[in-house]
Amino acid sequence: MKGIGFDNDKYRDMQSKHIMERIGKFGGKLYLEFGGKLFDDYHASRVLPGFKPDSKITMLKELKEQTEIVIAIKAGDIEKNKVRGDIGITYDMDVLRLIDAFTNNGLFVGSVVLTQFKEQPSAIAYEKKLKALGLKVYRHYPIVGYPSDIPMIVSDDGFGRNDYIETTRPLVVVTAPGPGSGKMATCLSQLYHEQKRGIKAGYAKFETFPIWNLPLNHPVNLAYEAATADLNDINMIDPFHLEAYGETVVNYNRDVEVFPVLKAIFEKISGESPYQSPTDMGVNMAGHCIVNDEVTRQASNQEIIRRYYQALCDRRKGDAGDNAIQKIELLMKKAGISIADRPVVAAANIRAEETGNPAAAMEMPDGSILTGKTSTLLGASSALILNALKVLAGIDDEAKLISPQVIEPIMELKVKYLGNHNPLLHIDEILIALSVEANTNPEAKAAYAQLSNLAGLEVHSSVILSQVDVGVFKKLGVNLTCEPRYQTKKLFHT
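Owing to the predicted nature of the structure, the values given are computational and were not obtained by experimental measurement. (Residues numbered from 1 in each chain as written. Predicted model: local features only at pLDDT ≥ 70, side-chain atom pairs only at ≥ 80, totals over all residues. Heavy atoms only, no water.)

Concerning the pattern of salt bridges
So, step 1. Counted under the stated rule, the structure contains 24 salt bridges.
So, step 2. With a shortest N-O distance of 2.9 Å, Asp 41 and Lys 56 are connected by a salt bridge. With Asp 41 in the loop between strand S1 (30–34) and helix H2 (42–47) and Lys 56 in helix H3 (residues 55–62), this pair connects stretches of sequence that are 15 residues apart.
So, step 3. Note on Asp 41: relative accessible area 6%, which makes it buried.
So, step 4. Residue classification places Lys 56 among the buried positions, given a relative accessible area of 2%.
So, step 5. Residue Arg 139 is joined to Glu 119 by a salt bridge in which the shortest nitrogen-to-oxygen separation is 3.8 Å. Of this pair, Arg 139 sits in strand S4 (residues 137–139) while Glu 119 sits in the loop between strand S3 (108–115) and helix H6 (121–132), and the two are 20 residues apart along the sequence. (Salt bridge = Lys/Arg side-chain N within 4 Å of Asp/Glu carboxyl O. Helix = DSSP H or I, 4+ residues; strand = E, 2+ residues; numbered from the N terminus. Buried < 20%, exposed > 50% of the residue type's maximum accessible area, 1.4 Å probe, protein only.)

Laid out in structure tokens, this is it:
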């Protein structure tokens, strides 16, 4: 079932108002720990059709006059050159990318905080670099006994040792390049320092998933578990919320496990805890904006299967073991789904068996399945893209969008001058050729105009694709899965 399952405008409006209400609850200042992706939240857009990937940043832009950003990065991650797997850059470079992105959206980045700072040489050099760029930088230090030794944590030798981050606006969004960067500890440290200065301030947490007011085993929440299978996050009923309010809501294990400590820290800082459960701390309104539950269920089931194939491919590449695969298999059983519920899988594999070469399949908006096969000129993915564009543009299947006279010189260039062993064109190369043909060929022009309509379509490849092709599918918004096998038996794959 295709369609809209989520009201993005309602979400943006409700979310902004709820955050402003939370600021008012704490007397005019709120430290908001922002989990997940602020930009390009494609997971949310896949499991909640209608959710726009930039929804969170759009919401913050509506509050930009009240908002400033603090970015936390763990000093040890700078030292280890930790890399973000989704975009392939180091955490320290991602901080600069985030600052540029916030600034370009009219949001004020107040400072960067180096957490777990232990005089690491790389962290010191990075600090100098940030300061040379005109940024304010603060240091937060390891605390002996964190998070269990409350008297030590909430003391001059604990939070008191950290630099006080000077902020000027009522909403302070604390974000980071990735998990484990010290966002929560940064917020709590600031509450301690604000209390010492007689300034009223509070803390809240913004995580889109799991969605607290959906059932525990709702596919949207199961899809979140599948997405974090490598982190061993587990959705669970919030026992503190159930005890306090008699209401069954969903949270995840890390927040539930740490809540007694957090509550004790709140009580030590200000004399009482503003929250009776980890769910109380959240401000997420996404669950209130689902307008078609069945659409979100089916979309989430597809996401679980996609995550399963990703885990299989990660194992084949040597990047992961069996744990994530086994966990997602259990989630698929809970959801009552299997790979047979992804029609493009069987279509691609059958086509590959028929031709003896790699093949790919795409599910079109009307539910029909197209395939692409490997030929002497085109790889299977490139052929599939051209086939899909012809269908979307209403062009006859036998039409040649790109003449061999255009393709063959590019193939020669790749092999003869650029040192490639495989002459077949990658998707980006075939799309460049199509854009050139579009200047003189009306059918190529019509096909080229359909590129944006590929977004949201499902594709499966019978082999693991090159990073180039994977990247192009991602940029086009196509939901790709691959069989966990390579086209060749080589050990090195690009």
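Moving on, there is more to tell.
Digging into the sheet that holds strand S12 (residues 479–482)
So, step 1. One open sheet holds the four strands; their spatial order is S10-S9-S11-S12, and the pairing between them is mixed. The two strands at the open ends of the sheet, each matched to only one other strand, are strand S10 (369–373) and S12. Pairs of neighbouring strands in the sheet enclose a mean axial angle of 20°, with direction left out of account.
So, step 2. Packed onto the sheet, helix H13 (residues 293–317) meets strand S11 (458–461) and S12 and runs at close to 40° relative to S12. (Pairing = 2+ DSSP bridges. Axes fitted to C-alpha atoms, helices over the stretch in contact; angles between N-to-C directions. Contact = heavy atoms within 4.5 Å.)

Some thoughts on the pairing of strand S9 (residues 359–363)
So, step 1. Within S9, five of the five residues are buried, leaving the element largely enclosed by the surrounding structure.
So, step 2. Both faces of S9 are covered, namely the face carrying Ala 359, Ala 361 and Glu 363 and the face carrying Ala 360 and Met 362.
So, step 3. Sheet analysis places S9 next to S10, joined by five bridges and oriented antiparallel. Bridge pairing in S10 places Ala 361 opposite Thr 371.
So, step 4. Hairpin connection between S9 and S10: a loop of five residues separates the two successive antiparallel strands, and Gly 367 in this loop has a positive phi of roughly 90°.
So, step 5. Judged from the four bridges that link them, S9 and S11 form a sheet pairing that is antiparallel. If you follow Ala 360 over to S11, its bridge partner there is Ser 461.

Thoughts on the environment of Ala 185
So, step 1. Within the element layout of this structure, Ala 185 appears in helix H8 (residues 183–196).
So, step 2. For Ala 185 and Pro 409, which are 224 residues apart along the polypeptide, the C-alpha to C-alpha distance reads 58 Å.
So, step 3. Other than its neighbours up to four places away in sequence, Ala 185 contacts Tyr 146 and Phe 159.

Examining the environment of Gln 302
So, step 1. Following the sequence through the fold, Gln 302 ends up in helix H13.
So, step 2. Spatially, the C-alpha atom of Gln 302 lies 9.2 Å from that of Glu 458, the residues being 156 residues apart in sequence.
So, step 3. If near-sequence neighbours (up to four positions away) are discounted, Gln 302 is found in contact with Asp 341, Arg 342 and Glu 458.

What to know about unusual backbone geometry
So, step 1. The peptide bond linking Tyr 146 to Pro 147 adopts the cis configuration, its omega dihedral lying at 5°.
So, step 2. Among the secondary structure elements, Pro 147 is positioned in the loop between S4 and helix H7 (150–153).
So, step 3. Geometrically, the link from Phe 209 to Pro 210 is a cis peptide bond, its omega value of -5° lying close to zero.
So, step 4. With a phi close to 60°, Glu 119 is a non-glycine residue in the positive phi region.
So, step 5. By relative accessible area, which is 46% here, Glu 119 ends up partly exposed.
So, step 6. Its identity as a non-glycine residue notwithstanding, Asn 232 has a phi of 60°, on the positive side.
So, step 7. Looking at the element boundaries, Asn 232 is found in the loop between helix H9 (219–227) and strand S7 (235–237).

Regarding the packing of aromatic side chains
So, step 1. Summed over the entire model, instances satisfying the criterion amount to 13 aromatic pairs.
So, step 2. Ring geometry for Phe 117 and Tyr 141: centres 6.1 Å apart, planes at 80°, overall edge-to-face. Placement of the pair is Phe 117 in the loop between S3 and H6 and Tyr 141 in the loop between S4 and H7, with a sequence separation of 24 residues. Exposure class is identical for Phe 117 and Tyr 141. Each is buried.
So, step 3. Of the aromatic side chains, those joined through ring pairs into one cluster are Phe 26, Tyr 203, Phe 266 and Tyr 275.
So, step 4. Between Arg 161 and the ring centre of Tyr 141, over which it is positioned, the NZ or CZ distance is 4.3 Å.
So, step 5. One Lys or Arg, Arg 197, reaches over the ring of Tyr 164 and ends 3.7 Å from the middle of that ring. (Phe/Tyr/Trp six-rings, centres within 6.5 Å; stacked < 30°, edge-to-face > 60°. Lys NZ or Arg CZ within 6 Å of the ring centre and 35° of its normal.)

A short note on the sheet that holds strand S2 (residues 67–74)
So, step 1. In space, the six strands of this open sheet follow the order S4-S3-S2-S5-S1-S6, with parallel pairing throughout. Sheet topology places S4 and strand S6 (202–206) at the edges, where each strand pairs with a single neighbour. Adjacent strand axes in the sheet meet at a mean angle of 25°, parallel and antiparallel pairs treated alike.
So, step 2. Relative to S4, S3 is paired through three bridges, and the arrangement is parallel. By the bridge assignment for S4, Leu 114 is matched with Arg 139.
So, step 3. Docked against the sheet, helix H1 (residues 8–25) engages S1, strand S5 (171–175) and S6, running at close to 135° with respect to S1.
So, step 4. Across the sheet, H8 touches S1, S2, S3, S5 and S6, and the angle it forms with S1 is around 170°.

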